[in-house]
Amino acid sequence: LHFGILALLALILAISSTADAFSPAPRSFLTSRKASIDSSQASLSAKKPKEDLSYIESRDMTRQEMLEYNKQSEEIMNSELNLMTGFSLLISAPILYLCWVAFFSE
């Protein structure tokens, strides 16, 4: 038991000595990061050619189309909900069985 506690403390010390989450980053890291940011901003600021989207036809949906679309979406959401419920019950079945055995066996 004492050996286990000592091993755990040694492991915590080994991990904490290498963790440098709050130490400042080295100067060379900061300058190289700034240089890479500058080069990426230069490539983002270049003008892109205007894309022609005139081939896309858009219009508002009629009330009937919207009702059909909503019905379709509702059916899809209900089937997904049923599948997720079934999957979660399937996954929890072994746990429920173990609880049943633990509480109601003699």
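Residues numbered from 1 in each chain as written. Predicted model: local features only at pLDDT ≥ 70, side-chain atom pairs only at ≥ 80, totals over all residues. Heavy atoms only, no water.

Asks: Just to check I follow, could you spell out the overall build of the chain for this structure?
Replies: Helix and strand content of the chain: three helices and zero strands. Along the chain direction, N to C, the helices and strands of the chain fall in the order α-α-α. If you sum the accessible surface of the chain, you get close to 10800 Å²; carbon and sulfur atoms cover 66% of it. (Helix = DSSP H or I, 4+ residues; strand = E, 2+ residues; numbered from the N terminus. Areas by Shrake-Rupley, 256 points an atom, 1.4 Å probe, with all protein chains shown as cover.)

Asks: Any chance you could explain a nonpolar patch on the surface here in plain terms?
Replies: A cluster of nonpolar residues, Tyr-97, Leu-98, Trp-100, Val-101, Phe-103 and Phe-104, forms a patch on the protein surface that exposes about 770 Å² of accessible area. In this fold, Phe-104 is placed in helix H3 (residues 63-104). Judged by its relative accessible area of 60%, Phe-104 is exposed. (Patch = residues over 30% accessible without salt bridge, like charges linked within 9 Å, V, L, I, M, F, W, Y side chains within 5 Å. Salt bridge = Lys/Arg side-chain N within 4 Å of Asp/Glu carboxyl O. Buried < 20%, exposed > 50% of the residue type's maximum accessible area, 1.4 Å probe, protein only.)

Asks: Help me understand the pattern of salt bridges, please; the structure alone is not making it clear to me.
Replies: Oppositely charged side chains can pair when the atoms bearing their charge come close. Following the criterion strictly, the structure yields one salt bridge and no others. Put simply, Arg-59 and Glu-65 hold a salt bridge, and the shortest N to O gap is 2.8 Å. Under the relative-accessibility criterion, Arg-59 is labelled exposed at 59%. Glu-65 gets classed as partly exposed once you look at its relative accessible area, which sits at 27%.

Asks: Where do I start with the confidence of the model for the chain in this structure?
Replies: Atomic detail in the predicted coordinates should be set aside for any region of low pLDDT. Chain-level pLDDT for the chain is 78 on average; 65% of the residues reach the 70-or-more range. Here helix H2 (residues 27-44) stands out as the least confident element of the chain, with mean pLDDT 56; H3 is the most confident, with 94. (pLDDT = per-residue confidence, 0-100.)

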